[in-house]
Amino acid sequence: MEAEGTPPSEALRDEYEQLADLVRKYRYAYYQEDSPTVSDAEFDELYRRLEELEALHPELVSNDSPTQEVGGEVSSAFAAVEHLQRMYSLDDVFSLDELEAWVRKAEASVAKLGDSVPPIAWLTELKIDGLAVNLLYRDGKLVRAATRGDGTTGEDITHNVLTIKEIPRELSGSGYPSEVEIRGEVFIPSKAFVEFNETLVAAGKAPLANPRNAAAGSLRQKDPAETAKRPLSMYVHGIGAREGLEAKSQSETYKLLEAWGLPTSPYLKVLDSFEEVLEFIAHYGEHRHDLAHEIDGIVVKIDDFATQRALGYTSRVPRWAAAYKYPPEEVHTKLLDIAVNVGRTGRVTPFGLMEPVKVAGSTVGMATLHNQDVVKAKGVMIGDIVILRKAGDVIPEIVGPVLALRDKQDPPVREFVMPTECPSCGTPLAPAKDGDVDIRCPNAKSCPSQLRERVFHLAGRGAFDIEALGWEAAIALTQPAEPPTPPLTSEAGLFSLTREDLADVLIRREKRSKGVGTGEYELVPYFYTKGTAKSPSKPTATTEKLFVELEKAKKQPLWRVLVALSIRHVGPTASRALATAFGSMEAIRNATEEQMAHVDGVGPTIAVALKEWFAVDWHNEIVDSWAAAGVRMEDERDTSMPRTLEGLTIVVTGTLPNFSRDEAKEAIIIRGGKASGSVSKKTSYLVAGESAGTKLDKAEQLGVAVLDEDGFRELLANGPAEPGTEADVPQDEASAEAVSE
């Protein structure tokens, strides 16, 4: 560990970049794909390491750091809508000692407020493991429902939410504001989840993985009729923007919400002491499986609204609330084998194959082991009885062996040996390099597994969004059972596929009897129906849909094309920044490393990865082939936009009423400015919205000019004012109050 104040080494910078990319990737899988790829425990560990690095080296922090954002990005499958008031995440704590430290800190902060605030009362409630939703009522009528998204912008899921019977289309009673946002959690009750899965199995369909993912996936169905089939419920637990609501506390608000006909949780208490909070936590820790729904912790809030307002928010979480997360659940099972998977960047990842076991509400048969060093560090051997931990109903983790049982195993346990050749293509594997613990297959161009993974990735929601090109279709295109030569030997040919290319593709599929696998396999056509003498084969509906979606994908914006190329480290955030800064694939391809690194949100690590990627001939063939097939390689740009911010570095913090974080950033970049994530002496202006936090404090200390939204609009339109004019100071009372906080 490097000491605080010491400039970060190159190795530490690389670790930070990789951590940030991993956190973004896992967060995207959790929030956008409703398919978590790591356990809560592992994500929390990565996230806390990221926070630790940023605390030691604040210069690493940018405004697109995962620690500066609330949650995921907005899916392109639904219309984006802005919340009237920002939705925040919660500060997580993982032990009772951490919770006590948070409580004492909050008490000390409240004590500094003097006698103007009442004694602290702790509103304590269950942390439902579901999907956060924001309901907007106008004149008592439900007009919109949206996911939390990134906290500022969510996905419009109104039609799906209207299928949930507990949510009233019109509020009852009286006294509700003319406009009010009501926040809550959509979930599937535990009993209903089990019953629903039983009906799926009886119908020969695969059961849903767990209640949280099932709820999230149900709300993201494109057909509300499908959502209506899912047993969704909701409890409301908060309130956002409102006009004329005079409630003084969270608990008082809950009573109002209930009076208006909204579903509120029966599992909450207002407590006077930390000791009572601990009793509440202990009680539900023992009875968490007796509840109507799954939980992963307890939320503790200061009940009084005036105190909440006085304490305020950080960039991501309120200072007056925290979530205590219960320790992950653990079970024992037998590790039958350790196999390896080859990912889209060639990374060879060991994973455990176990005797299926039920843990945290779902049946588990596999668990990741990350890399050969992790296998060695955990000390697990094939045949061991292992401790399996499943945190928060996501991907399970093998903690380690039960050593006392090792000598009793029959057959005897054996060590895992990392393969020296790629199990997919037979290429000798490349050993781990400095700073990279992973062994990789260097045959990036023609390794079937890497190609399959890249094709599956480029079809994802964050890239081309080709729904008909799922996992099995990616296998059929790149690794069919027959013919020997697959339709795709490179993703370069994706947009040049014809129906004739797919006519003879066969895949190996397990025979099923009453929905259960028989262990016997057969070869079946994937893209065409099975022909007979009377009825010749023809493209399936899914195949026809694939070609329709391939045409639509050609029109996707440049940043999505960049994501689809599977360039290491280049995710949605960096792709957006590059597309905004350069405007075309050709401009990015011809840019220097220094020019790319200068783009905020990119940096040197991503710039190097881009230059290395474009230096490979077959990579350029992909771009050229896609372009020749009609894929959009250039965004339309308004060349008439005046370069009013040339040479200026601008930081945006807090919540602006009419700009999302990305919109503000793009407005700066297209006018020639640099959108930075941290305040320094080089900062020209700080644009401070609601809950501006520590960046506002630092700007004041350094004498950086502070603008509100009106001042920001003036700056965008006309550029910087002369020194000493009103544009250099907060523009209205709201800004003045923000500065004084």
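Residues numbered from 1 in each chain as written. Predicted model: local features only at pLDDT ≥ 70, side-chain atom pairs only at ≥ 80, totals over all residues. Heavy atoms only, no water.

## So, the overall build of the chain
Stated precisely, the cut-off is as follows: A run of DSSP states H or I qualifies as a helix once it reaches four residues; a run of E qualifies as a strand once it reaches two. Both are numbered from the N-terminal end. Relative accessibility decides the category of a residue: with a 1.4 Å probe and only protein chains considered, values under 20% of the type maximum give buried, values over 50% give exposed, and everything between is partly exposed. In this analysis, two residues are considered to be in contact whenever any of their non-hydrogen atoms come within 4.5 Å of each other. All accessible areas in this document rest on Shrake-Rupley with a 1.4 Å probe, and a residue is counted as covered only by the protein chains that are shown.
Scanning the chain for helices and strands turns up 25 helices and 22 strands. Looking at the 741 residues of the chain, the share that counts as buried comes to 53%. Across the chain, every contact between residues at least 6 apart in sequence was considered, and the portion connecting residues at least 24 apart equals 67%. Carbon and sulfur atoms make up 51% of the accessible area of the chain, which totals about 33800 Å².

## Concerning the sheet that holds strand β21 (residues 685-688)
Defined as follows: One requirement defines pairing of two strands: DSSP has to find at least two bridges between them. In this description, a line fitted to the C-alpha atoms serves as the axis of each element, helices being fitted only across the stretch in contact, and the angle between N-to-C directions of two axes falls anywhere from 0 to 180 degrees.
Spatially, β20-β19-β21-β22 is the arrangement adopted by the four strands of the open sheet, whose pairing is parallel. Single-partner strands in this sheet number two, and they are β20 (674-676) and β22 (705-707). Recorded for the sheet is a direction-independent mean angle of 30° between the axes of neighbouring strands. Bridge count for β21 against β22 is three bridges, and the pairing is parallel. Bridge pairing in β22 places Val-687 opposite Leu-707. Packed onto the sheet, helix α23 (residues 694-702) meets β19 (649-653), β21 and β22 and runs at close to 145° relative to β21.

## Comments concerning helix α24 (residues 709-718)
Here is the rule we go by: Directions from the helix axis toward the C-beta atoms define the arc.
Those residues of α24 that sit buried are Glu-709, Gly-711, Phe-712, Leu-715 and Leu-716. Relative to the axis of α24, the buried residues are bounded by an arc of 155° and lie together on one face. In this structure, α24 carries Asp-710 and Asn-718 as exposed residues pointing more than 90 degrees from its buried face. Once α24 finishes, Gly-719 follows within two positions and takes phi at roughly 80°, a positive value.

## Some thoughts on the packing of helix α12 (residues 448-458) against helix α13 (residues 471-478)
Heads up, the condition is: Oblique is the label for any angle not under 35 degrees, not over 145, and not in the 65 to 115 range, which are roughly parallel, roughly antiparallel and roughly perpendicular in turn. Crossing handedness: left-handed means the near helix sits turned counterclockwise from the far one by under a right angle, and right-handed means the same turn made clockwise. Classification used: nonpolar for Ala, Val, Leu, Ile, Met, Phe, Trp, Tyr, Cys and Pro, charged for Asp, Glu, Lys and Arg, polar for all others including Gly.
The N-to-C vectors of α12 and α13 enclose an angle of 135°; their axes lie 9 Å apart at closest approach. Comparing the axis directions of α12 and α13 gives the class oblique. Between α12 and α13 lies a crossing of right-handed hand. Facing α12, whose interface residues are Pro-448, Leu-451, Arg-452, Glu-453, Val-455 and Phe-456, α13 presents Trp-471, Ala-474, Ile-475 and Thr-478. Among the residues forming the contact of α12 with α13, the class breakdown is seven nonpolar, one polar and two charged.

## Observations concerning the environment of Thr-427
Along the chain, the position of Thr-427 falls in the loop between β16 (397-401) and α12. Sequence separation between Thr-427 and Asn-443 is 16 residues, and the spatial gap between their C-alpha atoms is 6.6 Å. Contact partners of Thr-427, with chain neighbours within four places excluded, come to Thr-420, Glu-421, Cys-422, Cys-441, Pro-442 and Asn-443.

## Comments concerning the pairing of β19
Going by this rule: With the strands pointing away from the viewer, any crossover whose connection runs clockwise from the first strand over the helix to the second is right-handed.
Burial runs high along β19: five of the five residues are buried. Burial of the side chains of β19 extends over both faces: Thr-649, Val-651 and Thr-653 are buried on one face and Ile-650 and Val-652 on the other. For β19 and β20, the ladder comprises three bridges, and the chain directions are parallel. By the bridge assignment for β20, Ile-650 is matched with Ala-675. Chirality of the crossover, the property in question, places the unit of β19, helix α22 (residues 661-669) and β20 among those that are right-handed.

## A closer look at a negative patch on the surface
Selection criterion: For patch detection, residues must exceed 30% relative accessible area and be free of salt bridges, and they are connected within 9 Å for like charges or within 5 Å for nonpolar side chains (Val, Leu, Ile, Met, Phe, Trp, Tyr). What makes a salt bridge here is a side-chain nitrogen of Lys or Arg within 4 Å of a carboxyl oxygen of Asp or Glu, nothing more. The convention is simple: Lys and Arg are positive, Asp and Glu are negative, and His and the chain ends are not counted. We put the charge of a Lys on NZ, of an Arg on CZ, of an Asp on CG and of a Glu on CD.
Where like charges cluster on the molecular surface, the negative patch consists of Asp-272, Glu-275, Glu-276 and Glu-279. The residue Asp-272 is located in the loop between β9 (268-271) and α9 (274-286) in this model.

## Things to note about the sheet that holds strand β11 (residues 321-325)
Strand order in the open sheet made by the five strands is β2-β11-β10-β3-β9, with mixed pairing throughout. Looking along the sheet, the strands with just one partner apiece sit at the ends: β2 (91-93) and β9. Sheet twist, expressed as the mean angle between neighbouring strand axes with direction ignored, is 30°. Here β2 runs beside β11; their pairing, made up of three bridges, is parallel. Counterpart to Asp-92 in the pairing with β11 is Ala-323.

## Examining the layout of surface pockets
Applicable threshold: Using a 1 Å grid laid over the protein atoms alone, points where a 1.4 Å probe fits but cannot get out form a cavity; open sets with protein on both sides within 12 Å along at least 5 of 7 lines form a pocket; any residue with an atom within 4 Å of a point counts as lining. Grid points are joined across faces, edges and corners, and a volume is the space filled by probe spheres set on the points.
A volume near 1100 Å³ is recorded for the second largest pocket. Looking at the second largest pocket, it is lined by 37 residues, and the ones nearest its centre are Lys-433, Arg-440, Arg-568, His-569 and Glu-612. Listed by contribution, the elements that provide at least two residues to the lining of the second largest pocket are α1 (10-31), α12, α20 (603-614) and α21 (617-628). Here the lining of the second largest pocket gets six residues from one element, more than from any other, and that element is α20. Grouping the constituent residues of the lining of the second largest pocket by class yields 16 nonpolar, eight polar and 13 charged.

## Considering the packing of helix α3 (residues 96-111) against α9
Running from N to C, α3 and α9 cross one another at 145°; their axes reach a closest spacing of 11 Å. Crossing handedness for the pair α3 and α9: right-handed. Where α3 approaches α9, its residues Leu-96, Leu-99, Glu-100, Val-103 and Arg-104 are matched on the opposing element by Phe-274, Glu-275, Val-277, Leu-278 and Ile-281. Among the residues forming the contact of α3 with α9, the class breakdown is seven nonpolar, no polar and three charged.

## Quick notes on unusual backbone geometry
Residue Pro-411 is bonded to the preceding Asp-410 through a cis peptide linkage, with omega at 0°. Summarising the element assignment, Pro-411 is placed in the loop between β16 and α12. Here the bond from Glu-482 into Pro-483 is cis, since omega is -5°, no more than 30 degrees from zero. Inspection of the secondary structure assignment puts Pro-483 in the loop between α13 and α14 (499-502). Although it is not a glycine, His-370 sits at a positive phi angle of roughly 70°. Its location among the elements puts His-370 in the loop between β14 (362-368) and α11 (372-378). For His-370, a relative accessible area of 17% puts it in the buried group. A positive phi is found at His-569, a non-glycine position, where the angle reads about 75°. On the basis of relative accessibility, which here comes to 19%, the residue His-569 falls in the buried class.

On their own, these measurements won't tell you what the molecule is for.
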